[in-house]
Amino acid sequence: MDALSLKGLAKVYPNGVEALKGIDLTVREGEFYALLGPNGAGKTTAIGIITTLVNKTAGKVHVYGHDLDSDPAAVKKCIGVTPQEVNLNMFEKLLPTMMHQAGYFGLTPRQARRNAEKCLKAVRLWDERNMLARTLSGGMKRRLMIARAMVHEPKLLILDEPTAGVDIEIRRSMWDLLREINERGVTIILTTHYLEEAEHLCRRIAILDRGEIVVEDRMERVLRQLPEQHFVISLQQPASPGQKFAGFQVHWRSRYEMEVEVPATRSLNEFFELLNAAGIQVLSIRHKTNRLEELFVRLTMPDLPKLPDREPGPTLEQPDVAKA
Ligand code: ADP
């Protein structure tokens, strides 16, 4: 079953801005899906339409088979959403925050209490249930927003920049939490400016740009579209800088470190064979830049050359290396 289906979805605001130019998109049940795009791409508009806050101009929206036009209440029941800005009532305690939200969805007090406990425990905020929202740290507020979005047990969770403004440690623990939620069967759609976050979490991805979808595919296939990859290789022993390797562009940073460009037509193994033949021992290897970020910039910056139109071949297997 499709969790979300958009067909020809278009939005023209009264001022004439065409925020969405007829997009088609399908998110399958259980997926962890990234919806990316630069500012102004139309992400918030799309989320606004799906969550019934913005009226569409044209197109069809189905959420778990429910048609937004004929049954918006059923669509709303299926969806939990966390907005970009923290919009908690700061003078309310955590448990009432959850109970009130459950009330909006028509849960009985007994159901609301049970779900509130379950969700607060899931985001590890049960011990804080009698605290005021304003006393929570930034990361805890974000977790509370996720718990609140889940209180009516939605099948689809839409998270708009869920880790905006939280530090890297908290972000990583949020990733664990989101993975757990997804593994329990909740479909997640995520927008984020941290492309590393999307690369870590999401199996499928769409990139929106100026109201159109420029890429929609499985993450690993998208990443394979890069015409070349850059790696930084650290060596166990110093080597003589300036050494060349046929078919690969190498830039020596020092006697212990080099950068290599591996075109999509070659494999990293081939380069390692050349290193072996030269008696060079590798200590570590990492990508020079985040691959998704590189692709994103190429696709959404008009001044840069577009990617070549080609089927991603099976030649370039991604090695399991640490990210830059
Ligand atoms: P994103 O979330 O990807 O940054 P938005 O959906 O917010 O993109 O915006 C898409 C386009 O629609 C932008 O050009 C933005 O200025 C415009 N836009 C968004 N909301 C409104 C509105 N209420 N009225 C007019 N134009 C809007």
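Being a predicted model, the structure only gives us computed values, none of them experimental. (Residues numbered from 1 in each chain as written. Predicted model: local features only at pLDDT ≥ 70, side-chain atom pairs only at ≥ 80, totals over all residues. Heavy atoms only, no water.)

Caption draft 1: Main features of the packing of helix α3 (residues 94-104) against helix α4 (residues 109-122). One way to put it is that α3 packs onto α4 with a least axis distance of 9 Å and a crossing angle of 125°. On the basis of their axis angle, the class for α3 and α4 is oblique. The way α3 lies across α4 gives a crossing that is right-handed. For the pair α3 and α4, the contacting residues are Leu 94, Leu 95, Met 98, Met 99 and Ala 102 in the first and Pro 109, Ala 112, Arg 113, Ala 116, Cys 119 and Leu 120 in the second. Tallied by class, residues from the contact of α3 with α4 come to 10 nonpolar, no polar and 1 charged. (Axes fitted to C-alpha atoms, helices over the stretch in contact; angles between N-to-C directions. Helix = DSSP H or I, 4+ residues; strand = E, 2+ residues; numbered from the N terminus. Parallel < 35°, antiparallel > 145°, perpendicular 65-115°, else oblique. Left-handed = near helix turned anticlockwise from the far one by under 90°. Contact = heavy atoms within 4.5 Å. Nonpolar A, V, L, I, M, F, W, Y, C, P; charged D, E, K, R; others polar.)

Caption draft 2: Here's a closer look at empty space enclosed by the protein. Evaluation of the coordinates by the stated rule reveals 2 cavities of 30 Å³ or more. Estimates place the volume of the largest cavity at around 50 Å³. Among the secondary structure elements, those contributing two or more residues to the lining of the largest cavity are β1 (2-12), β3 (32-36) and α1 (43-50). Of the residues in the lining of the largest cavity, the class split is 9 nonpolar, no polar and no charged. (1 Å grid on protein atoms, 1.4 Å probe; cavity = no way out; pocket = protein on both sides within 12 Å on 5 of 7 lines; lining within 4 Å. Points joined across faces, edges and corners; volume = space filled by probe spheres on them.)

Caption draft 3: Quick peek at the layout of surface pockets. Of the volumes computed, that of the largest pocket is approximately 600 Å³. For the lining of the largest pocket, the elements supplying multiple residues, two or more each, are α1, β6 (79-82), α3 and α5 (138-150). In the lining of the largest pocket, the residues fall into 11 nonpolar, 13 polar and 5 charged.

Caption draft 4: Representation of the nonpolar core. One finds Leu 36, Leu 120, Leu 144 and Ile 181 to be the most contacted residues of the largest nonpolar core, which totals 51 residues. Considering every element that reaches this core, the biggest residue donor is α5, with 7 residues. Once residues within four sequence positions are removed from consideration, Leu 120 is found in contact with Leu 94, Leu 95, Met 98, Leu 125, Trp 126, Arg 129, Leu 144 and Ala 147. Counting 27 residues, the second-largest nonpolar core is a separate cluster that includes Leu 4, Ile 49, Ile 79 and Ile 189. (Core = buried A, V, L, I, M, F, W, Y, C linked by side-chain atoms within 4.5 Å. Buried < 20%, exposed > 50% of the residue type's maximum accessible area, 1.4 Å probe, protein only.)

Caption draft 5: Just the site of the ligand, in detail. Inspection of the region around the ligand gives Tyr 13, Asn 15, Val 17, Ala 19, Pro 38, Asn 39, Gly 40, Ala 41, Gly 42, Lys 43, Thr 44 and Thr 45 as its neighbouring residues. Tyr 13 places a side-chain nitrogen or oxygen 3.4 Å from a nitrogen atom of the ligand. A total of 560 Å² of accessible area belongs to the ligand in isolation, and the protein chains cover 62% of it. Here the residues of the shell around the ligand sort into 5 nonpolar, 6 polar and 1 charged. (Near = heavy atom within 4 Å. Polar contact = N/O pair within 3.5 Å; in protein donor to acceptor, adjacent residues only side chain to side chain. Areas by Shrake-Rupley, 256 points an atom, 1.4 Å probe, with all protein chains shown as cover.)

These figures capture arrangement, not role.
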